[in-house]
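Coordinates in review
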Amino acid sequence: MRRPKKYEAGEATQYISRRAAIRKLQLSLNDFRRLCILKGVYPREPKHRRRAQKGSSEIKILYHTKDIRFLLHESIVWTLRDYKIFAKKSSRDRAIKDFRNLKRRMELFPEIKLDHIVKERYPTFIDALKDLDDCLTLLFLFSTFPSLHLIPREQSNLCRRLTIEFLHYVIASKSLRKVFISIKGYYFQAEIKGQKVTWIVPHYYPFKPQSRQEVDFKVMSIFVEFYTILLGFTNFRLFHGLNLAYPPQFPSTLLQDSADTFKDESTFVSDRIAALNFELLRTDKVQEDEEEPDIDMELLEQDGDSKRIIKMKQEAQEISRLRTLFKGLKFFINREVPREPLVILIRSFGGKVSWDASVFAGATFAENDETITHQIVDRPSLSTQYISRDYIQPQWLFDCVNQRQLLPTNDYFLGESLPPHLSPFVDSKRDSYIPPEEKALHDPSLIETHEQSEEESEEEDTAEKEEEVDQELLDAQLQLAYQQETAEYKKYGGPDGVNEDEEDFSEEDDDEEDDEEEDDDEDVDEATKRKLQEKEKMSVQSGKVHKVNKRQVHKAEVDEHRLQARMVKPRHRNLFRKLIREKQTKEKEEWLLRKKRRNIDADSKEAKKTAKREARKLAAEAAARAAKMVK
């Protein structure tokens, strides 16, 4: 039997370096990278790097050997090789100026087909929905890009069309559940076929090309090439599940990629938003607002856990109310408000929306329509206002969706300081810092309204005034008592206003009383003493405040931690230290957030106080001027 040599078995044979993989596949680095992205093959981190690299200590990019063997049988490899052949022959035709042959070759340009890769990576439709988060985020980003060197206009147009189709499905199915405004963009979460799909719609900013190539657009465009095929398959299946015609037919004036549209970026964006405010054609005659069937409770009652059944029923009722949250409401969006996220929100929950037709295309009703219930404004004041509608700020819509109810519009009027915008994507039962506004959502008893805060501030001011008045009264009483004492001293001659004879007589009476009390104490029996002692034990006494010594508590915690560290086994000490460090960082972050909140509250209280003082001063000055005018 032959003795096995070193690195012929085990971890050394399970991994292969990138250079060896490229040599094995006979591809260039760019083609290898493209192939790995399309097939979903990524570098791996071995458990023992030195063994995997056959004794080499340098850091290499490693892949699984079975993944590279898997790529050997891929048909795309032959297409990538055809690209090389095509590039060589077309360059030769250009060099000898054989344009006839070059034209023939261009008609036979090799194309990569990715349909089989999508079916291979996602065997079921649910698998495709689970991997839709990154796909949607990247396609929404590319749909806003202009034509760049490595991003052709056709690719960004395709991304725009596919994302609009997906948003139309979300609007038609009313599957939106959570929204949030962030610095990165607008977070959306929809529930499709029981799967939660989360994506980001970026804020609209005019694109500015960067001087440095910090982002590799070539690699990102390879991902986009695969994700467009994936989202196309997904949209087709989703539309047919709702009996909607696919591809959707938009009006002839919208989504027309003409030269004028490419020149004007605002027109390019407004066309995308106008396409969202359009009803799609259905293949059947079922009404669009038909709700999903309720949960069959007879099937659920077979399960013994009744609490879970009740929770599922409550969740289903909340979702049914959420789907028609804005039903019967009409919104008008002012020109300064970003329209795309608001149109998605309002239409996803049954509302109607429009904007100024003279500025943007796709408006359905004018501003002077009397049936408008809400007008969304993001400016401090308006010159003309209608009594029949509420003028609110855009955050009201997001907070209503997250709390699954129509909130009062008092805190969202024009010029009002908005309440904190809380994220619905965090766990309400987490161990870290929770803001008081988020606690108030789960516990209604902690809700502090604007009126209560004003009343508290007024009570504080009145308490300060009462303290000042009481101090003045006390000073007046002390002064009066001092005057009476001095008058008595002058009248009777003694320091306390009492004669010396009367003092002697009173001292004798006190001595006699003391003697009588001593005689009475001797007569008391021991039995009565016991009874008195028992009564004192049975009586209720006032409690004493127990002061906690923080130094002793901290010392006890340190001692306990040292004992825990001693009990940990040597092989688990690194893990124990890591857990302690994580705990300390969490505590530090929580302490910093609490300190920041205290500073914010203190600053806001001080600002309110100074504003009230200034208002009082102004009122006093105005009253003084009025009095002078009267005189």
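Described in the following lines is the structure provided in the data block. (Residues numbered from 1 in each chain as written. Predicted model: local features only at pLDDT ≥ 70, side-chain atom pairs only at ≥ 80, totals over all residues. Heavy atoms only, no water.)

**Comments concerning the sheet that holds strand S3 (residues 176-181)**
With respect to topology, 3 strands assemble into an open sheet ordered S3-S4-S5, the strand pairing being antiparallel. Single-partner strands in this sheet number two, and they are S3 and strand S5 (195-202). This sheet shows a mean twist of 15° between the axes of neighbouring strands, independent of strand direction. Sheet topology note: the strand S4 (residues 185-192)/S5 ladder contains 8 bridges and is antiparallel. Residue pairing across strands places phenylalanine 188 opposite tryptophan 199, the latter belonging to S5. (Pairing = 2+ DSSP bridges. Helix = DSSP H or I, 4+ residues; strand = E, 2+ residues; numbered from the N terminus. Axes fitted to C-alpha atoms, helices over the stretch in contact; angles between N-to-C directions.)

**Here we look at the pairing of S3**
Summarising the sheet, S3 and S4 pair through 5 bridges and their orientation is antiparallel. If you follow leucine 176 over to S4, its bridge partner there is alanine 190. Adjacent in sequence and paired antiparallel, S3 and S4 are bridged by 3 residues.

**Some words on the environment of isoleucine 372**
Tracing the chain through its elements places isoleucine 372 in the loop between strand S7 (352-355) and strand S8 (374-376). Its relative accessible area of 1% is what places isoleucine 372 among the buried residues. For the pair isoleucine 372 and serine 354, spaced 18 residues apart in the sequence, the C-alpha separation amounts to 9.7 Å. Residues contacting isoleucine 372, with those up to four places away along its chain left out, are Lys330, Phe332, Phe365, Ala366, Glu367, Ser388 and Arg389. (Buried < 20%, exposed > 50% of the residue type's maximum accessible area, 1.4 Å probe, protein only. Contact = heavy atoms within 4.5 Å.)

**Examining the packing of helix H3 (residues 29-39) against helix H5 (residues 65-72)**
As a packed pair, H3 and H5 sit with axes 12 Å apart at the nearest point and diverge in direction by 100°. Taken as axis vectors, H3 and H5 run roughly perpendicular relative to one another. Note on element contacts: H5 touches H3 through Ile68, Phe70 and Leu71, opposite Phe32, Leu35, Cys36 and Lys39. Taken together, the residues of the contact of H3 with H5 sort by class into 6 nonpolar, no polar and 1 charged. (Parallel < 35°, antiparallel > 145°, perpendicular 65-115°, else oblique. Nonpolar A, V, L, I, M, F, W, Y, C, P; charged D, E, K, R; others polar.)

**A short note on the packing of aromatic side chains**
As enumerated under the stated definition, the model contains 19 aromatic pairs in all. Consider the rings of phenylalanine 140 and tryptophan 199, whose centres lie 6.4 Å apart with planes at 10°: the pair is stacked. Separated by 59 residues along the polypeptide, phenylalanine 140 in helix H10 (residues 132-142) and tryptophan 199 in strand S5 bring together distant segments of the chain. Judged by its relative accessible area of 1%, tryptophan 199 is buried. Positioned above the aromatic ring of phenylalanine 125, the side-chain terminus of arginine 237 is 4.7 Å from the ring centre. (Phe/Tyr/Trp six-rings, centres within 6.5 Å; stacked < 30°, edge-to-face > 60°. Lys NZ or Arg CZ within 6 Å of the ring centre and 35° of its normal.)

**Focus: the sheet that holds strand S9 (residues 390-392)**
Overall, parallel pairing links the 4 strands, which are arranged S7-S6-S8-S9 in an open sheet. The two strands at the open ends of the sheet, each matched to only one other strand, are S7 and S9. Neighbouring strand axes in the sheet, compared pairwise and without regard to direction, differ in orientation by 25° on average. Where strand S6 (residues 330-333) meets S7, 4 bridges bridge the pair, whose relative direction is parallel. Looking at S7, one finds that lysine 330 is bridged to lysine 352.

**Describing the packing of helix H6 (residues 75-95) against helix H7 (residues 99-107)**
Axis angle and axis distance: for two packed helices, these are the angle between their axes and the distance between the axes, and together they describe the pair. Two numbers describe how H6 lies on H7: the axes approach to 8 Å, and their chain directions differ by 155°. Classified by the angle between their axes, H6 and H7 sit roughly antiparallel to one another. Of the two possible hands of crossing, H6 and H7 adopt the one that is left-handed. Together, Phe86, Lys89, Ser90, Asp93 and Arg94 of H6 and Asn101, Leu102, Arg105 and Met106 of H7 make up the contact between the two elements. Grouping the amino acids of the contact of H6 with H7 by side-chain chemistry returns 3 nonpolar, 2 polar and 4 charged. (Left-handed = near helix turned anticlockwise from the far one by under 90°.)

**Some thoughts on helix H23 (residues 550-567)**
For H23, which comprises 18 residues, the first-to-last C-alpha distance of 26 Å matches the rise-based estimate of 26 Å (1.5 Å per residue) to within 8%. Within H23, only 0 of the 18 residues are buried, which leaves it mostly out in the open. Regarding H23, its N-cap is asparagine 549, as a side-chain oxygen of that residue lies 3.3 Å from the backbone nitrogen of arginine 551 further along. (Expected span 1.5 Å × (residues − 1). Polar contact = N/O pair within 3.5 Å; in protein donor to acceptor, adjacent residues only side chain to side chain.)

Fair warning: the whole summary comes from geometry, so function is off the table for now.
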